[in-house]
Amino acid sequence: MMLLKRCTFLRVLLGRGGGERKVPALMEGTMTNDVHPVEEEKHMVANGGVEDVYGEDRATEDQLITPWTVSVASGSTLLRDPRHNKGLAFTDNERDAHYLRGLLPPVNMTQELQEKKLMHNLRQYKVPLQRYMAMMDLQERNERLFYKLLIDNVEELLPVVYTPTVGEACQKYGSIFRRPQGLYISLKEKGKILEVLKNWPERNIQVIVVTDGERILGLGDLGCQGMGIPVGKLSLYTALGGLRPSACLPITIDVGTNNEELLNDEFYIGLRQKRARGQEYAELLDEFMTAVKQCYGEKVLIQFEDFANHNAFELLAKYSPTHLVFNDDIQGTASVVLAGLIAALKLVGGALADHTFLFLGAGEAGTGIAELIALEISKQTKAPLEKTRKKIWLVDSKGLIVSSRKESLQHFKKPWAHEHEPVKGLLDAVKAIKPTVLIGSSGVGKTFTKDVVEAMASFNKKPLILALSNPTSQSECTAEEAYTWSQGRAIFASGSPFDPVEYNGKIFVPGQANNAYIFPGFGLGLIISGAIRVHDDMLLAASEALAAQVEQENFDEGLIYPPFSNIRKISANIAAKVAAKAYELGVASRLPRPKDLVRYAESCMYSPLYRSYR
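All residue numbers refer to position in the chain's written sequence, counted from 1. Restriction of local features to residues with pLDDT of at least 70 applies here, the model being predicted, together with a cutoff of 80 or more for giving and counting side-chain atom pairs; totals for whole chains, interfaces and linings are based on all residues. The side-chain figures draw on all heavy atoms in the structure; neither hydrogens nor water molecules are used.

Going by what an unreviewed UniProt entry lists, the protein is known as Malic enzyme and is assigned to Rhizophora mucronata.

If you want it as structure tokens, here you go:
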């Protein structure tokens, strides 16, 4: 009876003008296809195209909405609801209608003035972690202002809400923890995971970012405190890719930690036990994946984040055939790096197949990038994958991966074991292989030494050097080192941001091979098409779409990635290409296909502008 009243109430309150806008309050799937196809095509851009319960899409900016929770929010309840709170931006009429008189000072501020004030306050903090905490506080009290701030100041605030600052936040998560921002599923919840998912207040979940905290950035096992990663990633899904906050769910799976420092920390917020392995771990993950599909449907995107190598590859292989899954460390990193390489060809010349690639690091990121490069070369040259892989060499902790080591290698390293005499160190590998591209994904800082960079510069006019490990302290080399040691000839990009470098009177602007270029637009493309599976061709399409966004003025500065200031436009173009590929492959379920996918993607993007309340 309660649910019936709520649905009826919403149909009346969310109508526009005198008409009735039928919006189901509770939706189990990520999208519905109940509307007649002709009517759907007619209105899909005007209304955002995807069910929009809270009036969050850009296409619904001008519609009046009612701030409801279980009932219409008013008074102090409204001020404490981050989704609907506008602070001092409530108008006089809204203050009268929603019982806010006297609960706020009399001034009426615009959202722009609130943004200006907050940016001024943030810039007063000298410690990055303090900025991070201030941003998290804002997100918890005024959601739209948080995203407005992040979208309008993305280049300044991206390092605050994500890498490198989020790494420190995860290390200290127990100390700075204030209120939960996602779901915690531990071994205590085994057998009850479906019930736990139902405790989350939203039903229309479109994307889940989940971690078990075992390999957080380059910082290792942070256990339950790895929650900062799903929270940060989903903030970027909304700010950069336009997914609605209400459709995002961060989850940490707590199976213990092997980090002794955390186990002995009185403020640690997770299970105080060693990590579960084997069957116990597999059963918990299997129950989780089954429950997610049961609770949120076939089209919910599950993004695996910062799992250790042995679990990351296994989980991706196991669930790719049955779920819509994506591993950002393996696939997202690969896609953004491939985009940079495709763009860099305009600076270094030749085709992708003309280059030789050497990786330091043969884990999730390294092997994922290598495989996607091989796939792209295969696609361009029509050569078999086994042949294109031979252009790519990997170095791990034991040296160059060669065929004589094949028996002792982990399964994901075996395709990269080529015929060559054993080589121990990176410098010797560089001298032996003579690569044109050097890529670091080792998670170990300062490994691209002066000798390594100088060797790269000795046989390359423009050596392409990508130091991808995060956070900044773990980067294989700095931008200044790369430019100085190569005498200003290197084309450089990194995983974490570096400031511009002056060398011999010339300013070099280092690029950032940040996964945030790819995963928000990639996820949006999957969702707007109603994709039910991820295919490698979608990753290639995303890479090509990103590379196409690099302008000549960017190349003139030595950049191989476009500026983040255009990230929403970039994400819309990536989403359109990914969605087009989903339709082409026959895995898209949202029909009919929109005629203009870029425009459709933009109309479905979350808008942080304040709404006017009845």
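(A) Highlighting a negative patch on the surface. Like charges within 9 Å and nonpolar side chains (Val, Leu, Ile, Met, Phe, Trp, Tyr) within 5 Å are joined into patches, using only residues over 30% in relative accessible area that form no salt bridge. A 1.4 Å probe and the Shrake-Rupley method give the accessible areas. Residues count as covered only by the protein chains that appear here. One speaks of a salt bridge when a side-chain nitrogen belonging to Lys or Arg is within 4 Å of a carboxyl oxygen belonging to Asp or Glu. Positive residues here are Lys and Arg, negative ones are Asp and Glu, while His and the chain termini are left out of the count. In this description, the location of a charge corresponds to atom NZ of lysine, CZ of arginine, CG of aspartate or CD of glutamate. A cluster of acidic residues, Glu551, Glu553, Asp556 and Glu557, forms a negative patch at the surface. Only DSSP runs of H or I reaching four residues or more are called helices, and only runs of E reaching two or more are called strands; each is numbered from the N terminus. Summarising the element assignment, Glu551 is placed in the loop between α23 (536-547) and α24 (552-556). Accessibility expressed as a relative area gives 44% for Glu551, which makes it partly exposed. Residue exposure (1.4 Å probe, protein chains only): buried if accessible area is under 20% of the type maximum, exposed if over 50%, otherwise partly exposed.

(B) Up close: the UniProt feature "binding site: a divalent metal cation" (unreviewed entry) in the protein. UniProt positions are given in the numbering used here, feature names are shortened, and annotations may be inferred rather than shown by experiment. When the UniProt feature table is mapped onto this chain, "binding site: a divalent metal cation" (unreviewed entry) is found at Glu305, Asp306 and Asp329. Spatial clustering of the annotated residues is evident: they stretch over 25 residues in sequence, but the largest pairwise C-alpha distance comes to 6.8 Å. With a relative accessible area of 1%, Glu305 lands in the buried category. If we skip the residues at most four places from it in the chain, Glu305 touches Tyr162, Val209, Val210, Thr211, Asp212, Ile229, Lys233, Asp328 and Asp329. Any pair of nitrogen or oxygen atoms within 3.5 Å is treated as a polar contact; in protein, a donor-acceptor pairing is required on top of that, and neighbouring residues in sequence qualify only through side-chain atoms on both sides. Side chain to side chain, Glu305 and Lys233 meet in a polar contact 3.2 Å long. With relative accessibility at 8%, the residue Asp329 sits in the buried group. Contacts were defined at the residue level, with two residues in contact if any of their heavy atoms lie within 4.5 Å. Ignoring any residue separated from it by four or fewer positions in sequence, one finds Asp329 in contact with Arg215, Phe304, Glu305, Asp306, Phe307, Glu364 and Ala365.

(C) Up close: the packing of aromatic side chains. Note on aromatic pairs: the rings of Phe, Tyr and Trp (six-membered ring only in Trp) are paired at centre separations within 6.5 Å, and the planes decide the class, stacked below 30 degrees, edge-to-face beyond 60, tilted for the rest. Counting across every chain of the model gives 13 aromatic pairs. Measuring from ring centre to ring centre gives 5.6 Å for Phe304 and Phe307, while their planes differ by 85°; the resulting arrangement is edge-to-face. Classification of Phe304 as buried rests on a relative accessible area of 1%. When its relative accessible area of 0% is taken as the criterion, Phe307 is described as buried. Among the aromatic residues, ring-to-ring pairing joins Tyr483, Phe492, Phe498 and Phe508 into one connected group. Consider the ring centre and the ring normal. A charge sits over the ring if Lys NZ or Arg CZ is within 6 Å of that centre and within 35 degrees of that normal. Between the NZ or CZ atom of Arg389 and the centre of the ring of Trp416, over which it lies, the distance is 5.7 Å.

(D) Quick look at the UniProt feature "binding site: (S)-malate" (unreviewed entry) in the protein. The residues that UniProt annotates with the feature "binding site: (S)-malate" (unreviewed entry) are Arg215, Asn470 and Asn514. Residue position: Asn470 is located in the loop between β10 (464-467) and α21 (479-485). Setting aside residues no more than four positions away along its own chain, Asn470 makes contact with Thr163, Leu217, Gly218, Gly495 and Ser496. Tracing the chain through its elements places Asn514 in the loop between β14 (511-512) and α22 (519-529).

(E) Up close: the sheet that holds strand β9 (residues 437-440). Strand pairing is assigned whenever DSSP detects at least two bridges linking the two strands. Read from one edge of the open sheet, seven strands run β8-β7-β6-β9-β10-β11-β14, paired in mixed fashion. Since the sheet does not close on itself, it has two edges, and those belong to β8 (399-400) and β14, each with one partner. Of the pairings in the sheet, the one linking β10 to strand β11 (residues 491-494) comprises four bridges and is parallel in character. Within β11, the residue paired with Ile465 across the bridge is Phe492.

(F) View of the pattern of salt bridges. In this structure the tally under the stated criterion is 31 salt bridges. Residues joined in a network through salt bridges with shared partners are Arg215, Asp306, Asp329 and Glu364.

(G) Focus on helix α12 (residues 228-241). Counted at 1.5 Å a residue, the expected span for α12 with its 14 residues is 20 Å, and the 19 Å between its end C-alpha atoms agrees. Backbone geometry just after α12 places Gly242 at a positive phi near 80°. What a helix is expected to span follows from its residue count: subtract one and scale by 1.5 Å.

(H) Seen up close, the nonpolar core. Residues Tyr132, Leu341, Ile373, Phe522 and Ile560 are the most contacted members of the largest nonpolar core, which totals 129 residues. Annotation comment: domain bounds sourced from an automatic or database domain assignment. When residues are assigned to domains, this core turns out to be shared by domain 1 (164-323) and domain 2 (331-516), each giving three or more. Discounting chain neighbours no more than four positions away, the residues touching Tyr132 are Val160, Val161, Thr165, Val166, Ala169, Tyr173, Ile176 and Gly228. We define a nonpolar core as any set of buried Ala, Val, Leu, Ile, Met, Phe, Trp, Tyr and Cys residues linked to one another through side-chain atoms lying within 4.5 Å. Counting residues in hydrophobic clusters, the runner-up holds 37 residues, among them Leu183, Val292, Phe304 and Leu316.

(I) Structural view of the domain arrangement of the protein. Domain boundaries in the protein define domain 1 (164-323) and domain 2 (331-516). Just the C-alpha atoms count here: the centres of domain 1 and domain 2 sit 30 Å apart. Opposite the 14 residues of domain 1 that make contact, domain 2 presents 15 residues. Across the domain 1 to domain 2 interface the summed buried area is about 1000 Å²; carbon plus sulfur atoms make up 66%. Among the ionic pairs, Glu364 bridges to Arg215, the shortest N-O distance being 3.2 Å. Where domain 1 meets domain 2, there are two residue pairs in polar contact (both at pLDDT 80 or more). When residues of the side of domain 1 that touches domain 2 are traced back to their parent elements, those giving at least two are α12 and α15 (309-319). Summed over both partners, buried area is the accessible surface (1.4 Å probe) that two parts give up on being assembled.

(J) Spotlight on the side chain of Arg144. For Arg144, the location among the structural elements is in helix α7 (residues 143-152). For Arg144, the side chain forms a polar contact with the main-chain oxygen of Gly55, separated by 3.3 Å.

(K) Here's a closer look at the packing of helix α17 (residues 364-381) against α23. Across the interface, α17 lies against α23 with an axial gap of 11 Å and an inter-helix angle of 85°. In terms of their interaxial angle, α17 and α23 are classed as roughly perpendicular. Across the interface between the two elements, Leu372, Leu375, Glu376 and Lys379 of α17 pack against Asp536, Leu539, Leu540, Ser543 and Glu544 of α23. Class assignment for the residues of the contact of α17 with α23 results in four nonpolar, one polar and four charged. To obtain each axis, a line is fitted to C-alpha atoms, and for helices this fit is confined to the stretch in contact; angles are then taken between N-to-C directions over 0 to 180 degrees. The cut-offs work like this: below 35 degrees is roughly parallel, past 145 is roughly antiparallel, 65 to 115 is roughly perpendicular, and the gaps in between are oblique. Classes in brief: Ala, Val, Leu, Ile, Met, Phe, Trp, Tyr, Cys and Pro nonpolar; Asp, Glu, Lys and Arg charged; the others, Gly included, polar.

(L) Representation of the sheet that holds strand β3 (residues 248-254) within the structure. The sheet built from five strands is open, its strands ordered β1-β3-β2-β4-β5 with parallel pairing. In the strand order of this sheet, the two ends are held by β1 (183-186) and β5 (325-327), each with one partner. The mean angle between the axes of side-by-side strands here comes to 25°, regardless of whether they run parallel or antiparallel. When strand β2 (residues 207-211) meets strand β4 (residues 301-304), the two strands line up parallel, connected through four bridges. Residue pairing in the sheet places Val209 in a bridge with Gln303 of β4. Contacting β2, β3 and β4, α12 crosses the sheet at an angle of about 165° to β3. Here α15 sits on the sheet in contact with β4 and β5, set at roughly 160° to β5.

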